[in-house]
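Here is what each chain is made of, one letter per residue.
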Amino acid sequence: MTDKTQGARRRGRRPGGADTREALVNAAREVFIEQGYDGATVRAIAAKAGVDAAMVNHWFGGKEGLFGEAVLKLPFNPKEMVEDLLAADPDHIGEAVVRRFLTTWDSTGGGVFTALMRSVTSHEEAGMMLKDFFFKHIFKHVIHKLAPDNYDLRATLVATQLVGMGMIRYVARFEPLASTDIDTMSAAIAPTIQRYISGKVD
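Right, let's walk through the structure included here. Because the structure is predicted, anything quoted here is derived from the model rather than measured.

With that settled, consider the overall build of the chain. Tallying secondary structure elements over the chain gives 11 helices and zero strands in all. Across the chain, helices and strands are ordered from the amino to the carboxyl terminus as α-α-α-α-α-α-α-α-α-α-α. Burial status across the chain gives 40% buried among its 202 residues. Total accessible area on the chain is roughly 11,000 Å²; 54% of this is exposed by carbon and sulfur atoms.

Moving on: a nonpolar patch on the surface. A contiguous nonpolar patch, built from Val163, Met167 and Val171 and spanning about 190 Å² of accessible area, is present on the exposed surface. Within the fold, Val171 resides in helix α10 (residues 151–171).

Before going further, it helps to examine the side chain of Lys63. Structurally, Lys63 can be placed in helix α5 (residues 63–70). Residue Lys63 is classed as buried on the basis of its relative accessible area of 18%. Side-chain polar atoms of Lys63 contact the backbone oxygen of Ala40, separated by 2.7 Å. Beyond its immediate chain neighbours, meaning those up to four positions away, Lys63 contacts Phe32, Tyr37, Asp38, Ala40, Val42 and Val56.

The next subject is the packing of helix α6 (residues 78–87) against helix α7 (residues 93–106). Across the interface, α6 lies against α7 with an axial gap of 10 Å and an inter-helix angle of 150°. If you check the angle between α6 and α7, you find them roughly antiparallel. Viewed along their axes, α6 and α7 form a crossing whose handedness is right-handed. From α6, Glu80, Met81, Asp84 and Leu85 reach across to α7, where they touch Ile93, Ala96, Val97, Arg100 and Thr104. Looking at side-chain class alone, the contact of α6 with α7 contains five nonpolar, one polar and three charged residues.

Reading guide: rules and limits
Residues numbered from 1 in each chain as written. Predicted model: local features only at pLDDT ≥ 70, side-chain atom pairs only at ≥ 80, totals over all residues. Heavy atoms only, no water. Helix = DSSP H or I, 4+ residues; strand = E, 2+ residues; numbered from the N terminus. Buried < 20%, exposed > 50% of the residue type's maximum accessible area, 1.4 Å probe, protein only. Areas by Shrake-Rupley, 256 points an atom, 1.4 Å probe, with all protein chains shown as cover. Patch = residues over 30% accessible without salt bridge, like charges linked within 9 Å, V, L, I, M, F, W, Y side chains within 5 Å. Salt bridge = Lys/Arg side-chain N within 4 Å of Asp/Glu carboxyl O. Polar contact = N/O pair within 3.5 Å; in protein donor to acceptor, adjacent residues only side chain to side chain. Contact = heavy atoms within 4.5 Å. Axes fitted to C-alpha atoms, helices over the stretch in contact; angles between N-to-C directions. Parallel < 35°, antiparallel > 145°, perpendicular 65-115°, else oblique. Left-handed = near helix turned anticlockwise from the far one by under 90°. Nonpolar A, V, L, I, M, F, W, Y, C, P; charged D, E, K, R; others polar.

This is the structure we're talking about:
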């Protein structure tokens, strides 16, 4: 094999290993910051990382998952979360939302949620991307599927309840809420979430 051939192979696209995953995360972080969520494309991110665009789906399930890990550093895949919530009983969607929220953030000791909130409050661009991301790719899918009307209002109301609960439980750590078990939390908060999604709000 000639040196020229070896050089050509070294300059080609990365193989689909763990280094590809890391390259995509690093490239995505730069592209999302430069272009915003809507402006960034999978093709542009893959090109910057020097990998095939198919690797985004392979490693992250799509653009949403990549954004969640690269920028928001979420401990879950947004696409899978939406699928799980839409598969839940519509009459108990409030409980499903609360349990999924608490289970997800409790699993990290609340540290990831705290870091996310600090990022949002200290960086305006991060806050805008977070809002657009959650409303367009999580709340919108769930609310539009299950709510009868006032989609944006309902999504905002759900957000206030969840973010407020997270701030008290993980950031301020007010007791007894900070250490209350998930069953008790769900019983107390799920009915409000249920009303926000499918009940009367005006």
